[in-house]
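# Report on the structure
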Number of protein chains: 2
Amino acid sequence: MESIASAPGKIILFGEHAVIYDQPAIATAVDKKATISIKKSQNDFTTLKSYDLDFEARLNTENKTYDIVTGRPGIIRYILETLYQVHDHSPIDIILSMDFPIGSGLGSSAAVTVATLAALYGFHNKKFSKKTLAHNAHYVEKKVQGTASPLDTSISTHAGLIYLGKDKKVSRFNVDFKSAFVIGYTSRKRSTSKVINQVSQLKNRCPDIVNSIIKTMGLITEEAKLAILKDDKDKIGELMNINQGLLDSIGVNTSELSRMIYLSRKYGALGSKITGAGGGGSMIAYCPTRSGEVYHSLRKYDNAIKVNISHEGITLKTRE
Amino acid sequence: MESIASAPGKIILFGEHAVIYDQPAIATAVDKKATISIKKSQNDFTTLKSYDLDFEARLNTENKTYDIVTGRPGIIRYILETLYQVHDHSPIDIILSMDFPIGSGLGSSAAVTVATLAALYGFHNKKFSKKTLAHNAHYVEKKVQGTASPLDTSISTHAGLIYLGKDKKVSRFNVDFKSAFVIGYTSRKRSTSKVINQVSQLKNRCPDIVNSIIKTMGLITEEAKLAILKDDKDKIGELMNINQGLLDSIGVNTSELSRMIYLSRKYGALGSKITGAGGGGSMIAYCPTRSGEVYHSLRKYDNAIKVNISHEGITLKTRE
């Protein structure tokens, strides 16, 4: 029997960084997924393979160690921790497929964790609610990272477009907001926690200024919420552009991201900005009618993918 | 007899755009000048020549018209208006020399106006105070442009590093702040009033957000004032970078400026930002110890000049 689970990645539309300082944020699941397939192994050891990421490893699920055969995937830690929490340590073969890049601010670790967890529940024929799944996946992320926002695992499980309020309550947008995005991602890997720490240090050095900027980011997110509910596309784009300048002001922009952001606007994006922590990572361009032009302009020099908002969260199927 | 007057250009260090909405600003004269030489003509008409700008024209000072011989200088309007205000319409030969580019946010029109006015006072052997000179030059700028800030003509006359308060009072920094700047200027000409108008429209569409950004720009200028008084170079640079993000957020950045701004930081600028209205125009890089590296990095693809703060305002000499 093979158990196959898929979970979507996410993008932050508004409020990254500010959300850490209790301002609201808007994020959405996208139609790019991490997929985990699990079946009983014919061998006496557990394997993990990913053709997309070009790696292969043998896992020791009891003590969370592994031997790499090829590749060097950081994502393996999330899979190992999930196995450690849920699996009975019997030998299995795991295949990971990725529609989107790892470590680029698109919630790859949350998607992989949610998919691994659901695939294991399927493999062991264990019933689960989405709420439990999101909760347990968040637990795994915390175990691996030290701290983790519950937002990524929640979006990866439930999908849709989500508003996270100042009170940390998650609410869903009751609109069918379908607009296309293009994601451009840089070759430069960065540590999210390092970038967050740099912003925190800047805030310590210039508290009045940075607090004022963070508060302004909150205002942008609140107006963006209204604009999304009204499907006011120009306004959504404009607010993304304003938000981008504020992200630049707190030092998380790079020359590479800036180049892609301006290029996408030139080719018809209504708005474009860093998505996620910045300092490398990814940018998003909002291009309801010009996603083709924007996609091809970015692809000339950089990596890019087209994504749409996804309302399909975790999916699980089993086959003999 | 030849009357020769020189007046410096200026750069805005902090507070452009915000200054229009009653926030403070910091600007400085730089050691690049506009120079006007006036002598009696051997002909029965008045000529204006500039070898630097590659133009030549015959002027009719009585009705403010001109015939171009070569070139197409917008700056001619300021010279004509000044002649109209002050000159007796006798035929003269005028030569304009420029150390810095026209129309790039460096106060070229104010410098040319102040220099023309002083050279005419010298030519006619008329005594004047700097206060009168700045006042009358501002009057000429207003006549030509419709509206004009008195700041440019004031700096061009008096030189030095200037703080313009919320109350519109100009005060001078009593510090010997000598640090080097590199100015990078784009090939893209833009209309200052058009850019200012775009910001005003953005402010009308998103008043809460843009007001908050403008207020934050004011906070930055206030902190920059303290940092300059303490000669805290890292802080000055950091505040310039924050200010740059806010200028980007109100839509006055361009891909070309952004590229130069990031390049200058890479090559050792402590801070870099748009100077003046943006939307094209110029950027400044603050590089107390690395001006050579920054200058050469910018010169690879763009136009750049090294400038220092100048404490020498208008100078006038006459020679037989």
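Residues numbered from 1 in each chain as written. Chains lettered and ligands numbered in written order. Predicted model: local features only at pLDDT ≥ 70, side-chain atom pairs only at ≥ 80, totals over all residues. Heavy atoms only, no water.

### Looking at the packing of aromatic side chains
Residues and elements named next belong to chain B. Summed over all chains, the structure comprises four aromatic pairs over all chains. Consider the rings of Phe181 and Tyr286, whose centres lie 5.4 Å apart with planes at 40°: the pair is tilted. One end of the pair, Phe181, is in strand β9 (residues 180–185); the other, Tyr286, is in strand β11 (residues 282–286), and 105 residues separate them in sequence. For the residue pair Phe181 and Tyr286, the accessibility class agrees, reading buried in each case. (Phe/Tyr/Trp six-rings, centres within 6.5 Å; stacked < 30°, edge-to-face > 60°. Helix = DSSP H or I, 4+ residues; strand = E, 2+ residues; numbered from the N terminus. Buried < 20%, exposed > 50% of the residue type's maximum accessible area, 1.4 Å probe, protein only.)

### Brief notes about the interface of chain A and chain B
If you look at the interface, chain A gives 26 residues, while chain B gives 26 residues. Across the chain A-chain B interface, the total number found is two salt bridges. Here chain A is connected to chain B by eleven residue pairs in polar contact (both at pLDDT 80 or more). For the side of chain A that touches chain B, the elements supplying multiple residues, two or more each, are α5 (192–205), α6 (207–229), α7 (233–249) and α8 (255–266) of chain A. (Contact = heavy atoms within 4.5 Å. Salt bridge = Lys/Arg side-chain N within 4 Å of Asp/Glu carboxyl O. Polar contact = N/O pair within 3.5 Å; in protein donor to acceptor, adjacent residues only side chain to side chain.)

### What to know about unusual backbone geometry
Even without glycine at this site, Asn125(A) takes up a positive phi of about 55°. Along the chain, the position of Asn125(A) falls in the loop between α2 (108–123) and α3 (130–145). A positive phi angle is found at His17(B), which is not glycine, with a value near 70°. Of note, His17(B) is situated in the loop between β1 (2–14) and β2 (25–40).

### Let's talk about the sheet that holds strand β10 (residues 271–275) of chain B
All names here are of chain B. What the four strands build is an open sheet, ordered β10-β11-β9-β12; its pairing is antiparallel. Sheet topology places β10 and β12 (303–308) at the edges, where each strand pairs with a single neighbour. Ignoring strand direction, the axes of neighbouring strands in this sheet form an average angle of 25°. One ladder, built from six bridges, connects β9 with β12; its direction is antiparallel. (Pairing = 2+ DSSP bridges. Axes fitted to C-alpha atoms, helices over the stretch in contact; angles between N-to-C directions.)

### Some points on the sheet that holds strand β11 (residues 282–286) of chain A
Two pairing modes exist for strands in a sheet, parallel and antiparallel, and in both the strands are linked by backbone hydrogen bonds. Residue and element names in this part refer to chain A. Taking strand neighbours across the sheet as the criterion, the four strands line up as β10-β11-β9-β12 in an open arrangement whose pairing is antiparallel. Each edge of the open sheet carries a strand with a single partner, namely β10 (271–275) and β12 (303–308). Within this sheet the neighbouring strands show an average axis-to-axis angle of 25°, counted without direction. Docked against the sheet, α7 engages β10 and β11, running at close to 45° with respect to β10.

### Considering helix α9 (residues 291–299) of chain A
Residues and elements named next belong to chain A. Along α9, the residues classified as buried are Ser291, Val294, Tyr295, Ser297 and Leu298. Looking straight down α9, one finds that the buried residues subtend no more than 165° of arc, so they occupy a single side. Packing partners of the buried residues in α9 comprise β9 (180–185), α8, β11 and β12. (Arc of directions from axis to C-beta.)

### Regarding the environment of Asn43(A)
Residues and elements named next belong to chain A. With respect to the helices and strands, Asn43 occurs in the loop between β2 (25–40) and β3 (46–50). A residue is classified by how much of its surface remains accessible, and Asn43, at 40% relative accessible area, is partly exposed. The spatial distance from the C-alpha of Asn43 to the C-alpha of Val175 is 49 Å, given a sequence separation of 132 residues.

### Focus: the relation of the copies chain A and chain B
Relative to chain B, chain A is turned by 180° and slid 0.0 Å along the rotation axis, the superposed coordinates differing by an RMSD of 0.0 Å. These values place the two chain copies in the arrangement generated by a two-fold rotation axis. Considering only C-alpha atoms, the part of chain A nearest the rotation axis is Gly245(A), at 2.4 Å. (Least-squares fit on C-alpha atoms with pLDDT ≥ 70 in both.)

### Structural notes on the domain arrangement of chain A
Residue and element names in this part refer to chain A. Assigned domains within chain A: domain 1 (2–174) and domain 2 (180–307). For domain 1 and domain 2, the distance between their C-alpha centres works out to 24 Å. Listed per partner, the contact involves 27 residues of domain 1 and 39 residues of domain 2. Interface of domain 1 and domain 2: buried area, both sides summed, is about 2,600 Å²; carbon and sulfur atoms make up 70% of it. A per-residue breakdown of the area domain 1 buries against domain 2 is headed by Phe14, His17 and Tyr21, which together make up 26% of the total. For Glu16, the salt bridge is made with Lys273, and the minimal N-O distance between the two is 2.8 Å. The interface formed by domain 1 and domain 2 holds six residue pairs in polar contact (both at pLDDT 80 or more) in total. (Domains from an automatic or database assignment. Buried area = accessible area lost by both parts, 1.4 Å probe.)

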